[in-house]
Structures are given as C-alpha cells and as structure tokens.
Amino acid sequence: MLTVPGFRPALVLPRSPLLEVKGNIEVKRPLVKAPSRLPLPGSRFKRGPDQMEDALEPEKKRTRGLGTAPKIATSRPRAPALTTVPQTQGQTAAPKVPKKTGPRCSTAIATVLKNQKPGPAAVPAQKPGTAAAPPMLGGKKPSKRPAWDLKGQLCDLTAELKCYRERTQTLDQENEQLRDQLREAQQQATVLGAERRTLEGELARVQAQAEQGQQELGNLSARVLELEERLGTQESLVQELQKEQLGLQEERRGLATRLEEQERRLQTSEAALSGSQAEVASLRQETVAQAALLAERGERLHGLEMERRRLHNQLQELKGNIRVFCRVRPVLPGEPTPSPGFLLFPSGPGGPSDLPTRLSLSRSDERRGTLSGAPAPPTRHDFSFDRVFPPGSGQDEVFEEIAMLVQSALDGYPVCIFAYGQTGSGKTFTMEGGPGGDPQVEGLIPRALRHLFSIAQELGGQGWTYSFVASYVEIYNETVRDLLATGTRKGQGGECEIRRAGPGSEELTVTNARYVPVSCEKEVEALLHLARQNRAVARTAQNERSSRSHSVFQLQISGEHAARGLQCGAPLSLVDLAGSERLDPGLALGPGERERLRETQAINSSLSTLGLVIMALSNKESHVPYRNSKLTYLLQNSLGGSAKMLMFVNISPLEENVSESLNSLRFASKVNQCVIGTAQANRK
C-alpha cells in the first residue's frame, strides 16, 4: 500500500432525510468517495502536504455544516433506529436524523461500501388522529401546531421536503465531485505505485551497486595494503640484492684471480698428466706382470698348503695313528701324600731336556716275603707311552701336544680323542676343564674348537670356507641320550638310535638328537654347560660325583674351496669314557649298589669291546666287532684305518688306587702297541 506523507483520504457518506421519513421505501445508498488528499495532476501535483490540506479544508467545512457522516463498521450496518414519539391527534412522528462521523481511510471505506447492503428504513405506523411532528431545523424546536391545522402541517412538511431536496442535490454534487477526486487519486496512486516500484527497483540496484562498490573498495584497500607490504618487501629485497651484488662482485674478482691461478696450475697439471699417463701405462704393464706373478704364487701357495697337509699327515703317521698319552693328576687337598718313589718319571735318552715318555710305578705286596721272613722288596712296573704328563702339567701344555692332531680334522682326516681311566683320575677335567670358567683350566674340547675356528679363519684368506655342526650325546647302560635336549625332549634319550645317514652312506647319525651349528666359542660354552647339567652322575667309593656314562662330543667339519672345486669333511670326536673299576664279588649289595653294579657291568663291557675293536684293527682282521657296543658303533668312522686316534690314560697318584692304575696302564700299553694302516683324507 502506497502511503503519501500528509495525505489522509476521507469519505463523507451523507444520509438523506427522505430515507428517514419514508421508512417503508428501500433506497440504495450511493457509493460516496471521500475527497482524496493526493496531489492532483497539473499545477496541484507539485503541492506539498500542507497545501493539499488547505485545498480540501472548505469541503470539510461544508460537510461538517450539513452533518456528520455515520461511522462505517466492518460488518453489515444495521438500519438506523427510529425514535417513537407519542403522537397526538393531527400530528405525525418525525424520525431523528443520525449524526454523521468524520472521514476515515479511503481503502477501508471502499471495502465497507462494497460489502454494505442497507435495508429499508422502517417507519412505525402512526396512530389514527395523530400527526407527525415537524422536524427541528437549525437546532430549534418548531412551534407545535394544533392537530386540526392540517394545512399548516402540510406546508411545514412541504417546506421541509424542499429543504431536504436542496440539501440532497448539494450532497449528490459533492458526492460526484468526491468520486471524481477519488478516481483521480486512484489513478495517481497507480502511477505513484508504478513509480514507487520503479524507484524501489532502482533503489535496490543502487544499493547492490553500492554494496558491490563497497566490496570493491574493501578489496582495493586490501590490495593496496598488500601492494604496500610487497613494495616494502621488494625494497628490502632490492637492498639485500644490492648488498649481495656487491659481495658477488667482490667474489667474482676473487674468482677471477683464482681462475688465473688455476689456469696456471692446470697447465702445470697437464704437463704432469702427460708424464703420469706414461707412468700409468708402465704401472699397468707392471700390474699385469704382478697379477700373473700373484696367480703363480697362489698356485704355489696352494701347492705348499697341500704339501703342508701331506707332511703334517706324514708327521702324525710317524708319531702313530694310534697314540697313547698318560696323564697323572695332582694330589688334591685332603688326600694322603704318596710315598717317595711310588711314581717316577725317568728321563729320555736326551736327558732331562727330553719330554717325558716313561712312567715307573712301585707296588709292595705284603703277602709276599723272603725265606728269612723279611718283607719282599716292592715291585716296579715300567711303562712307555708317546708322552707322559706329570702331575704338574697344565691344560695348555696338554693341548699344545694335541693341537697338530686336531688340525688334521680341518684337512679332512677323522680324529678321535678319548680319555680312559678309573673314576676320579681326572678324565672329565682333561676333556671339559674345571668349573668356574677359568681360562687356565679349560679342557680339551673348548680349546680344540677355539683352535679350529682360528685356523679356519686363516685358511679363509686362501679361499677355504668351513662350517661346523656339533652334537653331544651320552651312552648310559647301552642307551643313547641327547645331552643337548631341552624342554619336553629332556630325558627322552631312549628314543635316540644310531642309524646310517642314508642308503649306501658310511656316515652315522643319531636320530632325535640335536645337531647345532656353531661358529664361535660362546656357543660352544653354552652347549657344554647344558651337557653338564644333563649328564648322568652318581656317588661312588672313589668319587663324590662320578660320571656313569660315556659322553661323546662330535664336531662335523665341512670345508670347501669354491675357486678350485675342492671339498673336504671329517668328524672330530672327543670322548670322555666312564670310570673303569673292577667288581668286588664279596661286596654285599643293597638296592642302590645293585644299580651301580649294573652301571659298572655296562661300562666294563663297552670298554672291553673298545679294546677288542682296537686289537681287531691292529691285526687287520676281516671282522671288527663295532656293533658289540653302542660306543664302538657310534665311533666306527673315527676308529677305522682312515682315522687318527689318541688315548689319554688318566691315573691317580694315590697308593690306594695302585691296582686300578696298573689295570689302566696295562690296557693303554696294549693299545699303544697297536698299529693301524695309513690314514686317508676324506676329500671330494
């Protein structure tokens, strides 16, 4: 809705007096348009709100003089109420004229006039003999005529009717004028509405342009700030570049100077290069000659290595493929000191400087006597071996004597070293060493493997590569047990059996036993520690912890020379035999002693088989009883003609053990007299 400031349209709706007089006649109320306060076209279009109010003021006054317009309700208007006046004879009741209200909004009046349907004015019937009262004009009450003065009453009514007609004509003219003004105002409102919409669109466009301009202004401001910041940065950068340019100029001058110097040096270097090229050509020729010489020396070195192995093997053969060393353990604290002359170590042909090889043991027999009744002189027993170690000999001295034999295993010769003797004679100490990890008391097993690792590393410079696989088993009562078993496999030695490695193969293996690759001393120490915990020991009359089984440590050595296509392999067997004691037939046996008796019988049986095997090999017999014992069957490849064997016979220095010591020395002497054929290396 268009609202013009200062303009308030009003609609005057006059009511004709005739409608009040003639209440039984239906008169349709004409649509009266209120005078518009909108500016008229022409000169009045430019008037302001105050001038328009002044132009419409006379019409308002005229309307007010004629009476007030009735109030327009939004609902259907009721018919004006008639005032009933008591009538007398010759008089009629005149209805009261309703008061008219002031003008309202033209839009509300148009809506009400469209929907209003005025009903007929009801005029109450007059009683006979009464006349209507004359209307009051000018607010003055007319003089009351008598009832019989009908003519006067008629004249009054005629005059009043005339007055009402004039007034009606005036009101019709004003109403028509107001309608014209309303139409003009509506046309102006339409024009102004279109113009308003145009202006509103223009205003929206201008506002959008203003917002866009404001946004562009903000962007431009930000751009200006950014450009100013970049300008400052560029200025600082330009200053830095200028400084850098100055530095580069200085550097360029320095580089130019260095370039001149380098050019001079280059000329000198080119001259030296020419001489160096000639020297390089000479060195290349010399390198070719050196390479040929190196290849020749490599061949010679290989030949020397083969010759060394041959001579080494020949030396070992000259010493005997079956050698016997005797070692006497020292007297331990708490043991009685033997009498002087009980054990003697006579010197060799070269005097005290020769290594001892003989042993003399004295034994007195109280059962023998002379004819005079005096006790018989002690009997001396002399033994000769490849080497004898007195009680003062250390572990390093013992190993030094067998180091060359151990090295033969790297050359491809099977080697077997075992310790033999009674319980408590020092066999386990000789093979494994003492407790506590003292390097001075290390046994032959850790020393032998350290020596093999060292020699294998040296031979690696000549193109040889070696691998080592270790196993450790014990033979207890003719049952093979794995000393390296751990976890649930621990104690299941009965499941281990000695079998051929394959059809047609001469190599023997123990089923269900662990074969552990080793490459350093720590791995060997861990295996030895585990084996000590698993080995079967028991208390005997000679020793608190006596080994009641044969322990066999085997190291399978495999070597290869890839450049020459050479391979070699051989086992190194280090055996700690169980203690050898004779049985006392008069000894009363309890449950524990019976178990020891069975152990002793099994030990002596296997040791006897070992002696028979060695004798059969020495006599070149067609049948060698390897299978009579698990020990000899397992060591079959280390006892044959292609093997090198060494026996340590360990004896006690005590006089009380002289009987067992003599038995051990006699067995060792028989072995020492055996001669086995020439050993052959296992090469491919």
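What you are looking at is a predicted structure, and each value in this text was computed from that prediction instead of being measured.

Next up on the list: the overall build of the protein chain. If you tally the helices and strands in the protein chain, you get 12 helices and 16 strands. For the protein chain, the residues scored as buried account for 36% of the 684 residues in total. Of all intrachain contacts in the protein chain linking residues separated by at least 6 positions in sequence, the fraction that spans at least 24 positions is 73%. Accessible area for the protein chain stands at about 40400 Å²; split by element, carbon and sulfur atoms hold 54% of it.

Ranked by size, the top nonpolar core spans 51 residues in total, and within it Phe-418 and Leu-639 carry the most contacts. Top element by residues in this core is helix H9 (residues 591-618). It accounts for seven residues. Counting 45 residues, the second-largest nonpolar core is a separate cluster that includes Leu-410, Val-415, Leu-459 and Trp-464.

In this structure, strand E2 (residues 343-344) lies alongside strand E3 (residues 358-363), joined through two bridges in antiparallel fashion. By the bridge assignment for E3, Leu-343 is matched with Leu-361.

Looking now at the packing of aromatic side chains. Given two aromatic rings, one states the distance between the centres and the angle between the planes to describe the pair. Summed over all chains, the structure comprises eight aromatic pairs. Taken together, a centroid distance of 6.3 Å and an interplanar angle of 15 degrees make the contact between Phe-383 and Phe-385 stacked. The class for Phe-385 is buried, based on a relative accessible area of 4%. With a centroid separation of 5.3 Å and an interplanar angle of 80 degrees, the aromatic rings of Tyr-472 and Phe-553 are classed as edge-to-face. A residue pair is termed long-range when its members are at least 10 positions apart, and Tyr-472 in strand E7 (residues 464-476) and Phe-553 in strand E14 (residues 550-561) qualify at 81 residues. Tyr-472 gets classed as buried once you look at its relative accessible area, which sits at 1%. Taken together through their ring pairs, the aromatic side chains of Phe-325, Phe-389 and Phe-648 make up a single cluster.

The next subject is the confidence of the model for the protein chain. The predicted model of the protein chain has a mean per-residue pLDDT of 76, with 68% of residues at 70 or higher. For the protein chain, helix H1 (residues 17-21) is the element with the lowest average pLDDT, namely 40, and strand E11 (residues 516-518) is the one with the highest, namely 93. Taken together, the stretch residues 1-139 has pLDDT below 50 and engages in 217 contacts with residues farther than four places along the chain or on a different chain.

The next point concerns the side chain of Asn-650. Turning to its location among the elements, Asn-650 is positioned in strand E16 (residues 644-651). With relative accessibility at 1%, the residue Asn-650 sits in the buried group. Separated by 3.2 Å, the side chains of Asn-650 and Thr-430 make a polar contact.

On the basis of which strands lie adjacent, the open sheet formed by three strands has the order E2-E3-E4 and antiparallel pairing. Strands at the two margins of the open sheet, each flanked by one partner only, are E2 and strand E4 (379-384). Along the sheet, helix H12 (residues 658-672) contacts E3 and E4; its crossing angle with E3, the most-contacted strand, is approximately 145 degrees.

The next point concerns the packing of helix H7 (residues 444-460) against helix H8 (residues 521-534). Running from N to C, H7 and H8 point in directions that differ by 155 degrees, and their axes come no closer than 10 Å. In terms of axis orientation, H7 runs roughly antiparallel to H8. Note on packing geometry: the crossing formed by H7 with H8 is right-handed. Contacts from Ile-445, Pro-446, Leu-449, Arg-450 and Phe-453 of H7 reach H8 at Glu-521, Val-524 and Leu-528. Within the contact of H7 with H8, the residues separate by chemical class into six nonpolar, no polar and two charged.

With that settled, consider the packing of helix H5 (residues 395-407) against H7. Orientation of H5 relative to H7, taken along the N-to-C sense of each, is 50 degrees, at an axis distance of 10 Å. On the basis of the axis angle, H5 is oblique to H7. For the pair H5 and H7, the crossing hand works out as right-handed. Taken together, the residues of H7 that come into contact with H5 (itself represented by Gln-395, Asp-396, Val-398, Phe-399, Ile-402, Ala-403, Val-406 and Gln-407) are Leu-444, Arg-447, Ala-448, His-451, Leu-452 and Ile-455. By residue class, the composition of the contact of H5 with H7 is nine nonpolar, three polar and two charged.

With nine of its 12 residues buried, E14 lies for the most part within the structure. Summarising the sheet, E7 and E14 pair through 12 bridges and their orientation is antiparallel. Note that in E14 the partner of Trp-464 across the bridge is His-561. Relative to strand E15 (residues 566-576), E14 runs antiparallel, the two sharing 11 bridges.

Conventions and cut-offs
- Residues numbered from 1 in each chain as written.
- Predicted model: local features only at pLDDT ≥ 70, side-chain atom pairs only at ≥ 80, totals over all residues.
- Heavy atoms only, no water.
- Helix = DSSP H or I, 4+ residues; strand = E, 2+ residues; numbered from the N terminus.
- Buried < 20%, exposed > 50% of the residue type's maximum accessible area, 1.4 Å probe, protein only.
- Contact = heavy atoms within 4.5 Å.
- Areas by Shrake-Rupley, 256 points an atom, 1.4 Å probe, with all protein chains shown as cover.
- Core = buried A, V, L, I, M, F, W, Y, C linked by side-chain atoms within 4.5 Å.
- Pairing = 2+ DSSP bridges.
- Phe/Tyr/Trp six-rings, centres within 6.5 Å; stacked < 30°, edge-to-face > 60°.
- pLDDT = per-residue confidence, 0-100.
- Polar contact = N/O pair within 3.5 Å; in protein donor to acceptor, adjacent residues only side chain to side chain.
- Axes fitted to C-alpha atoms, helices over the stretch in contact; angles between N-to-C directions.
- Parallel < 35°, antiparallel > 145°, perpendicular 65-115°, else oblique.
- Left-handed = near helix turned anticlockwise from the far one by under 90°.
- Nonpolar A, V, L, I, M, F, W, Y, C, P; charged D, E, K, R; others polar.

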